[in-house]
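# Examining the three-dimensional arrangement
Letter by letter, the chains look like this.
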Amino acid sequence: TTAIATYAVVTGLTLQTGTTYYAKVSAISQSLVSGNFSNVSNGILVDTTPALSFNVYGGTTTAGQSLPSIDNSGALSANWDVAVDSESRVLEYYYGIWKNIKSGEPNVSSWQVNDPVLKTSATVIVPLENNTTYYFGIKAKNGAGLYSSVQYSGGIRVESSSPPVILSLSDK
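Let me begin by describing the structure that accompanies this report. (Residues numbered from 1 in each chain as written. Predicted model: local features only at pLDDT ≥ 70, side-chain atom pairs only at ≥ 80, totals over all residues. Heavy atoms only, no water.)

So, about unusual backbone geometry. Both trends apply: most residues other than glycine have a negative phi, and most peptide bonds are in trans. A cis amide bond, omega -5°, links Asp-115 with the succeeding residue Pro-116. Here Pro-116 lies in the loop between strand E11 (109-113) and strand E12 (121-125). Positive phi values are uncommon outside glycine, yet Leu-32 reaches one of about 65°. Topologically, Leu-32 is positioned in the loop between strand E2 (26-28) and strand E3 (34-37). Unlike most non-glycine residues, Asn-131 shows phi in positive territory, near 55°. Relative to the helices and strands, Asn-131 is located in the loop between E12 and strand E13 (132-142). In this structure Asn-131 comes out as partly exposed when scored by relative accessible area, which is 46%. (Helix = DSSP H or I, 4+ residues; strand = E, 2+ residues; numbered from the N terminus. Buried < 20%, exposed > 50% of the residue type's maximum accessible area, 1.4 Å probe, protein only.)

The following block contains the structure:
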């Protein structure tokens, strides 16, 4: 009995990003007689580039600075432009939350897949600290499994500002 290979690996090719390549296969018998070729495959699109950069906004945009919105429940919200990937399209968005810095891995909320995956907004409830600035970071994943660079919102500063306490009132 001879094992039958159901796949082939072809090396040494020079493939172009953005080009779709197709294949046909044919079986060869032990007596070296070639069978008919198969139908053409669905094709494999070569994609070696991540999605292009995009803008992230908060609930309000003022004078060109994006500010994530916050409400009394501690919910941070942001939205962003649709990311563009001309080869294999964007399949998912991921978001994370940072405090006081916009680099490295998220330090408040780790990377989460946005749900639904192609929705271009997210709201997250996180414990907020006074005198702290929070940032949304968003990255897009394309059909080739490549991630865009992280795009950040402008920051929102949470500050304690308790109103003055009135101890007594007098009409004198």
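Let's shift gears to the layout of surface pockets. Of the pockets and cavities examined, the largest pocket occupies roughly 660 Å³. Lining the largest pocket are 23 residues, with Tyr-7, Ala-8, Val-10, Ala-23 and Val-25 sitting closest to its centre. Contributions of two or more residues to the lining of the largest pocket are made by E2 and strand E4 (44-45). (1 Å grid on protein atoms, 1.4 Å probe; cavity = no way out; pocket = protein on both sides within 12 Å on 5 of 7 lines; lining within 4 Å. Points joined across faces, edges and corners; volume = space filled by probe spheres on them.)

Here we take up the pattern of salt bridges. Scanning the model with the defined rule gives 2 salt bridges in all. Across the salt bridge formed by Glu-92 and Lys-141, the nearest N and O atoms sit 3.9 Å from each other. With a gap of 49 residues between them, Glu-92 in strand E10 (residues 90-99) and Lys-141 in strand E13 connect regions that are remote in the sequence. Among the residues examined, Lys-141 registers a relative accessible area of 24% and is labelled partly exposed. (Salt bridge = Lys/Arg side-chain N within 4 Å of Asp/Glu carboxyl O.)

This paragraph deals with the packing of aromatic side chains. What describes a pair of aromatic rings is the distance from one ring centre to the other and the angle between the planes of the rings. All chains considered together, the criterion is met by 6 aromatic pairs. Centroid distance Tyr-94 to Tyr-147: 5.6 Å. Interplanar angle 65°. Geometry classified as edge-to-face. Within this pair, whereas Tyr-94 is found in strand E10, its partner Tyr-147 is found in the loop between E13 and strand E14 (151-152), the two being separated by 53 residues in sequence. What makes Tyr-94 buried here is its relative accessible area of 12%. For Tyr-147, a relative accessible area of 36% puts it in the partly exposed group. Ring centres of Trp-98 and Trp-111 lie 5.4 Å apart, and the angle between their planes is 75°; on these two criteria the pair is classed as edge-to-face. Of this pair, Trp-98 sits in strand E10 while Trp-111 sits in strand E11; the two residues are 13 residues apart in sequence, bridging distant segments of the chain. Residue classification places Trp-111 among the buried residues on the basis of a relative accessible area of 19%. Linked through ring pairs, Phe-54, Trp-80 and Tyr-93 together constitute an aromatic cluster. Taking NZ or CZ as reference, Lys-139 lies 6.0 Å from the ring centre of Tyr-94, over its face. (Phe/Tyr/Trp six-rings, centres within 6.5 Å; stacked < 30°, edge-to-face > 60°. Lys NZ or Arg CZ within 6 Å of the ring centre and 35° of its normal.)

All quantities given are derived from atomic positions and should not be read as evidence of function.
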